[in-house]
Each structure stands twice: as C-alpha cells, then as structure tokens.
Amino acid sequence: MIQQLLRSRARRFAFALLAAPLAVVPMLATPAQAQWVVFDPSNYAQNVLTAARSLQQITNQITSLQNETQMLINQARNLASLPISSLNQIEQSLQRTQTLLAQAQNITYNTQAINTAFQNQYSAASMSGTSAQLVANAQARWQNTLSGLQDAMKTQATVVSNLGTNSAQMSVLVNASQNATGALQATQAGNQLVALAAQQIADLTAVVAANGRADALRDAERSAAAAQGAAQRQMFLTPGAGYQPGSAQMFHSGN
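Residues numbered from 1 in each chain as written. Predicted model: local features only at pLDDT ≥ 70, side-chain atom pairs only at ≥ 80, totals over all residues. Heavy atoms only, no water.

Considering the overall build of the protein
Moving on, step 1. Looking only at helices and strands, the protein features six helices and zero strands.
Moving on, step 2. A separation of at least 24 residues holds for 83% of the contacts in the protein among residues at least 6 apart in sequence. (Helix = DSSP H or I, 4+ residues; strand = E, 2+ residues; numbered from the N terminus. Contact = heavy atoms within 4.5 Å.)

Have a look at this one:
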C-alpha cells in the first residue's frame, strides 16, 4: 500500500513537472503579441487629412512669399533709374545756339542798344547835317543790315548742325522708353524727350529771331534811305542850300 501511494505521488510530481513548461510558454509568448500593429481606418484618415492640411498651409506660405518677392522685384524695377542720359548733349546744343545769339554784331538783342542805334542812325535826316554825316549813317545802316543777314545765316547753320545730334538722341531715348523695365525709367525717358523737344523749339525760336532781326534791319535801312533821300532832295531844292552854278574848267590850258 505504501509503495502504491509513493508511486502515485511520484506520478503526480512527474506529471506536474511535465506540465510546468507548458504553463510557462503562454507567459513567454505574451510580450510578442503586444508588438502587433493594429490598423485603425478612422485614425489613418484623420492623419492623412491633417498632413494634407499642413501641406496646403506650406504651399500657401510659399505662394505668398513668391508674390511678395515678385512685388519687391516690381518695385525695384519701378525705382530703377534710366541708365542713359541725353541732357548733356541737349544742354550743349542749346548752349551753342545761345552763344551764337549773344555774338550778334552791331545792333544786339538788347532794347537799350536798339533804341540808341535807331536814334542815331535811323532817325529822320537832319536838314542841317553835312553830307559826310549822311554818308556815314548810310554806311552804318548798310553794315548793320549785312551783319544781321550774316548772323541769321550763322544761326541757321548752327541749328542745322544740331539736327543730326537731335535725331540720334531721339532714337536712343525712344528705344529706352520702349525697353524701360519700370515706371521710373519710362518717366525719365519721357522727360528727356520733352527736354529734347524744348531744345528744338529753342533752336526754331533762335532762327525766327535771327531772321526777323535781319528782315527788320533791312526794312529799317530802306526806310532810312528813303527818308535820307527825301531830305537830300529837299536840301538840294532849298534856295541857297542846293546847287550853285559856277565856272568850270573843262581842259587845262597850257602855255
């Protein structure tokens, strides 16, 4: 009986030892089951939507930066100065014309000088004047007319010489205006074109003034000559002041 009891207990103990590893296996397998990935469609969709929104915000920021950059570039272009300038050539052409007008001979473009000259040389011939005075005044008037014509032709020649420079500058400025990168360059090119037009108008004014001066001197000379001729005729017809008969020796008689 005792042996049977011992045998029964030994069998139970052996059975317990054999069953113990089987009980440990589930305990060791539990951590491996905790690493499995569980797919949650709802959570995945939410993450994708969040990522899409973040990407859209980044895209909007990039677009905004690009727009701001383009705006700054446009502002820089609008503020860029014109790389060329024709003002120096325009001023030189205008200076040449002004210098030529200032070199007018005899009766200059001065009100006081004109008044003095007309009082002395173009006034009515005096009945008490001598023939030498009349001849001197006529000579001075002729010289004034000749000088006026010469000055007019010199002014015309100067203005004609300016046409070549003006044409070249106009071509440069028109091209600069058409190829302007911004508003400031276009405005500056337009201003220089206006200055060029003003210089051409000044040249035209100088030609008109010089021609008008020459015509006025020529007309004044004719009027003074007519007045002087009338005075001389009156002096000739005045008794005692005109021609006096006298003896004249036609041939030299020798001994």
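A look at the packing of helix α3 (residues 87-102) against helix α5 (residues 131-178)
Moving on, step 1. Running from N to C, α3 and α5 point in directions that differ by 175°, and their axes come no closer than 10 Å. Comparing the axis directions of α3 and α5 gives the class roughly antiparallel. Two secondary-structure elements touch here, α3 through Gln89, Ser93, Arg96, Thr97, Leu100 and Leu101 and α5 through Lys154, Thr155, Thr158, Asn162, Thr165, Asn166 and Gln169. (Axes fitted to C-alpha atoms, helices over the stretch in contact; angles between N-to-C directions. Parallel < 35°, antiparallel > 145°, perpendicular 65-115°, else oblique.)

A closer look at the nonpolar core
Moving on, step 1. By size, the foremost hydrophobic cluster in this structure holds six residues: Ile107, Ala117, Tyr122, Leu217, Ala220 and Ala224.
Moving on, step 2. Per-element tally for this core: the top contributor is helix α6 (residues 183-237), with three residues.
Moving on, step 3. If near-sequence neighbours (up to four positions away) are discounted, Ala220 is found in contact with Phe118 and Tyr122. (Core = buried A, V, L, I, M, F, W, Y, C linked by side-chain atoms within 4.5 Å. Buried < 20%, exposed > 50% of the residue type's maximum accessible area, 1.4 Å probe, protein only.)

Remarks on α3
Spacing of three or four residues puts side chains on the same side of an α-helix, whose turn is 3.6 residues.
Moving on, step 1. With 16 residues, α3 ought to run about 22 Å at 1.5 Å a step, and its terminal C-alpha atoms sit 22 Å apart, in line with that.
Moving on, step 2. For α3, the set of buried residues is Ile90, Ser93, Thr97 and Leu100. Seen along its axis, α3 keeps its buried residues to an arc of 100°; they face one direction. Counted as exposed and oriented over 90 degrees from the buried face of α3: Glu91 and Ala102.
Moving on, step 3. Looking at the buried side of α3, the elements it contacts are α5 and α6. (Expected span 1.5 Å × (residues − 1). Arc of directions from axis to C-beta.)

Quick notes on the environment of Leu134
Moving on, step 1. Here Leu134 is to be found in helix α5.
Moving on, step 2. Judged by its relative accessible area of 6%, Leu134 falls in the buried class.
Moving on, step 3. For the pair formed by Leu134 and Ala231, sequence separation is 97 residues and the distance between their alpha carbons is 9.9 Å.

Some thoughts on the side chain of Ser86
Moving on, step 1. Here Ser86 shows up in the loop between α2 (41-79) and α3.
Moving on, step 2. A residue is classified by how much of its surface remains accessible, and Ser86, at 1% relative accessible area, is buried.
Moving on, step 3. Polar contacts involving the side chain of Ser86 include one to the side chain of Gln169, which spans 2.4 Å.
Moving on, step 4. Excluding its chain neighbours within four sequence positions, the residues that come into contact with Ser86 are Gln169, Leu173 and Gln192. (Polar contact = N/O pair within 3.5 Å; in protein donor to acceptor, adjacent residues only side chain to side chain.)

Section: the side chain of Asn162
Moving on, step 1. Take Asn162: it is sitting in helix α5.
Moving on, step 2. On the basis of relative accessible area, Asn162 is assigned to the buried category, the value being 0%.

Digging into the pattern of salt bridges
Moving on, step 1. Applying the stated criterion to the full structure yields two salt bridges.
Moving on, step 2. Residue Arg213 pairs with Asp151 through a salt bridge whose shortest N-O separation is 2.9 Å. Of this pair, Arg213 sits in helix α6 while Asp151 sits in helix α5; the two residues are 62 residues apart in sequence, bridging distant segments of the chain.
Moving on, step 3. On the accessibility criterion, Asp151 (7% relative accessible area) is buried.
Moving on, step 4. The shortest N-O distance in the salt bridge between Asp215 and Arg218 comes to 2.5 Å. Note that Asp215 and Arg218 are positioned in helix α6 at a spacing of three residues, about one turn of the helix.
Moving on, step 5. Here Asp215 falls in the partly exposed class, since its relative accessible area comes to 35%. (Salt bridge = Lys/Arg side-chain N within 4 Å of Asp/Glu carboxyl O.)

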